Amino acid sequence: MGLNFVLSNMHNLLGHFRVMVMVALACLGLLSPPEQAYSDEYTSSCVLVMNGQTPALIPVSVAVAWIKKRVPVVEYGSFLERLGMHERGDEDAVCRVCLDCIKGRHAIRELSNCCHVFHQECLDAWVDEGQVTCPLCRSMLLPAK
Ligand SMILES: [Zn+2]
Ligand SMILES: [Zn+2]
């Protein structure tokens with residue numbers, strides 16, 4: 001009788017303890033993998049960007065708008081001039097999106113995180129697909145700050 005009582009009490013105690021552990025794990029997010037907390041749709045429509053020093057998860061549509069607003073459009077010729085380079089007829093840069101030449105009068109977007117150049121419309125089309133990195137080197141298109 002006495003032993004039975006102790007055993008059933010132990011059982012209750014263990015059951016109670018188990019529930020406590022389950023609750024604690026659930027609270028810590030360990031019970032279900034964190035990935036499952038976000039639907040695929042959510043993660044695929046958001047991008048991680050550095051907002052100053054802080055990483056932020058923002059919707060792709062917002063990132064696209066930021067890129068178009070913050071990445072300056074310049075004429076390729078004046079871009080080269082500013083860099084102290086001059087357009088040389090037979091050494092035109094090639095836009096790796098459309099594989100066409102980039103001429104001095106063409107508009108480009110001046111990327112701040114790498115030195116690749118693309119036609120403005122080619123980069124915009126790329127960005128419109130939800131891409132937020134350089135097509136060549138995968139640097140973030142958004143300026144770091
Ligand atoms: Zn192009
Ligand atoms: Zn690049």
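The structure we're discussing is the one just above.
Residues numbered from 1 in each chain as written. Chains lettered and ligands numbered in written order. Predicted model: local features only at pLDDT ≥ 70, side-chain atom pairs only at ≥ 80, totals over all residues. Heavy atoms only, no water.

**Q** Please give an account of the coordination of the zinc ion (ligand 2) that cites residues and values.
**A** Taken together, Cys114 (SG), His116 (ND1), Cys134 (SG) and Cys137 (SG) make up the full set of protein donors to the zinc ion (ligand 2), lying 2.0 to 2.3 Å away. Viewed at the metal, the four donor atoms of the zinc ion (ligand 2) are separated by angles of 106 to 112°, and the geometry they form is tetrahedral. Mapping the donors of the zinc ion (ligand 2) onto the primary sequence gives the spacing C-x1-H-x17-C-x2-C. On the criterion of sequence distance, the pair formed by histidine 116 in the loop between β6 (107-109) and α5 (120-128) and cysteine 134 in the segment after α5 is long-range, its members being 18 residues apart. Judged by relative accessible area, which is 25%, histidine 116 ranks as partly exposed. (Donors = N, O, S within 2.8 Å, 3.2 Å for Na, K, Ca; no water. Tetrahedral: all angles 85-135°; square planar, octahedral: opposite > 155°, others 65-115°. Helix = DSSP H or I, 4+ residues; strand = E, 2+ residues; numbered from the N terminus. Buried < 20%, exposed > 50% of the residue type's maximum accessible area, 1.4 Å probe, protein only.)

**Q** Lay out the nonpolar core in plain terms, naming residues and giving numbers.
**A** The biggest cluster of nonpolar side chains holds 28 residues, and the ones touching the most others in it are Tyr76, Leu111 and Leu141. Going through the elements one at a time, β1 (46-51), α3 (60-70), α4 (76-82) and α5 are the ones with two or more residues in this core. (Core = buried A, V, L, I, M, F, W, Y, C linked by side-chain atoms within 4.5 Å.)

**Q** I'd like a description of the coordination of the zinc ion (ligand 1), backed by residues and values.
**A** For the zinc ion (ligand 1), the full set of protein donor atoms is Cys95 (SG), Cys98 (SG), His119 (ND1) and Cys122 (SG), at a range of 2.1 to 2.3 Å. Coordination at the zinc ion (ligand 1) comes from four donor atoms whose angles at the metal span 100 to 116°, giving a geometry best classed as tetrahedral. Taking relative accessible area as the criterion, cysteine 95 reaches 0% and is therefore assigned buried. In this structure cysteine 98 comes out as partly exposed when scored by relative accessible area, which is 36%.

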